[in-house]
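Residue-level structural notes
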Amino acid sequence: MNIITWIQQFSSPFLDIFFNALTILGEETLGIAIFIIVFWTMNKDYGYKLLFAYLTSMSLNGCVKDFFKTPRPIGTEGIRSLRTKTATGYSFPSGHTQGTTTLWTSLSIIINKVWFYILCGSIIVLVGLSRLYLGVHWPKDVFFGIIFGILSVLLSNYIYVKGKEKNNPYLFLYILIPLLISLIFFNSTDSIKAIAGFSGAFIGYILEIKYINFTIPKNMYKKIIRLLSGIIIILFIKSGLKFFLPNMALFHFIRYFILTFFIVFLGPLIFKKLKI
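Residues numbered from 1 in each chain as written. Predicted model: local features only at pLDDT ≥ 70, side-chain atom pairs only at ≥ 80, totals over all residues. Heavy atoms only, no water.

Before going further, it helps to spend a moment on the nonpolar core. Residues Trp40, Trp104, Phe172, Phe198 and Ile263 are the most contacted members of the largest nonpolar core, which totals 64 residues. Among the elements that take part in this core, helix H9 (residues 189-212) stands out by supplying 9 residues, more than any other. Trp40 has contacts with Phe214, Ile216, Pro217, Arg226, Leu227, Gly230, Ile234, Phe262, Ile263, Pro268 and Phe271, leaving out every residue within four places of it along the chain. (Core = buried A, V, L, I, M, F, W, Y, C linked by side-chain atoms within 4.5 Å. Buried < 20%, exposed > 50% of the residue type's maximum accessible area, 1.4 Å probe, protein only. Helix = DSSP H or I, 4+ residues; strand = E, 2+ residues; numbered from the N terminus. Contact = heavy atoms within 4.5 Å.)

What follows deals with the layout of surface pockets. In this model, the largest pocket occupies a volume close to 880 Å³. Taken together, 35 residues make up the lining of the largest pocket; nearest its centre are Glu27, Glu28, Tyr54, Asp190 and Tyr256. Only helix H3 (28-41), helix H4 (44-68), helix H5 (95-111), H9 and helix H11 (249-274) provide two or more residues apiece to the lining of the largest pocket. Looking at which element gives the most residues to the lining of the largest pocket, the answer is H4, with 7 residues. Looking at the lining of the largest pocket residue by residue, the class counts come to 13 nonpolar, 12 polar and 10 charged. (1 Å grid on protein atoms, 1.4 Å probe; cavity = no way out; pocket = protein on both sides within 12 Å on 5 of 7 lines; lining within 4 Å. Points joined across faces, edges and corners; volume = space filled by probe spheres on them. Nonpolar A, V, L, I, M, F, W, Y, C, P; charged D, E, K, R; others polar.)

Here we come to helix H7 (residues 139-165). Here H7 spans 40 Å end to end across 27 residues, near enough to the 39 Å set by a 1.5 Å rise per residue. Where the residues of H7 are buried, they touch H4, H5, helix H6 (114-133), helix H8 (173-182) and H9. Phi for Asn167, located one or two positions after H7, is positive at around 55°. (Expected span 1.5 Å × (residues − 1).)

Within the secondary structure, Ser156 sits in helix H7. Looking at Ser156, its side chain comes within polar contact range of the main-chain nitrogen of Ala53, at 3.2 Å. Excluding anything up to four places from it in sequence, Ser156 contacts Phe52, Ala53, Thr56 and Phe172. (Polar contact = N/O pair within 3.5 Å; in protein donor to acceptor, adjacent residues only side chain to side chain.)

Another point: the environment of Val38. For Val38, the location among the structural elements is in helix H3. Given the relative accessible area of 9%, Val38 is considered buried. The spatial distance from the C-alpha of Val38 to the C-alpha of Asn219 is 15 Å, given a sequence separation of 181 residues. If near-sequence neighbours (up to four positions away) are discounted, Val38 is found in contact with Asn43, Tyr46, Gly47 and Leu50.

Laid out in structure tokens, this is it:
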């Protein structure tokens, strides 16, 4: 309480706009956008590392939230809460902070430059601060969101590299199977979406490396065509299908399974067939 109220004493219309905009960096749309740019147009291995680290992290986040069931500070007397529509599920740990930490830690490892480490660290801290300023998380939520995000990257990268070395992509089942079993106990919407995305990505990964093994085109025109056409389909899957599928757990699972399966397998299959 004291930390949040101390931060919020500096509230102003400018800071409201600033932190509302900043917290968007922790939402899944940016993660998807960066991933498909890397995966489809830059480096496939880096793309896989980004994807599996992010899905591992957000699946863990959903399970931990459902286990502890910590209430958010929203509605607590003395705390002002903004942008509450994006504050879904329980409070601990912060999904925005954990997702941001996972994404930018992964990118910093890939870029491996001092200035980029500083930039990524700054973004992580500022997004975590935004969750406190907006009054939607407690300090411990932000702190452990950072810790879990970093650990998720290290674990996922280790499994991916070991799988490549041993030519055994099925090592990710050590993460996926416990996550699928956990749905019996931890089945909030956020958990279902993340684990469904992990399932679709894993199956797509197995099929892609076995039957497609697509390559990154050098032609910039082809890269742009990939992104534009792929984004249209992704938007339909992510948002358009909401209008056709009932708002039920099973259909949330189906939608996010299709989303990552398209990104990892169907999209590259189409690109290869059309030679783009």
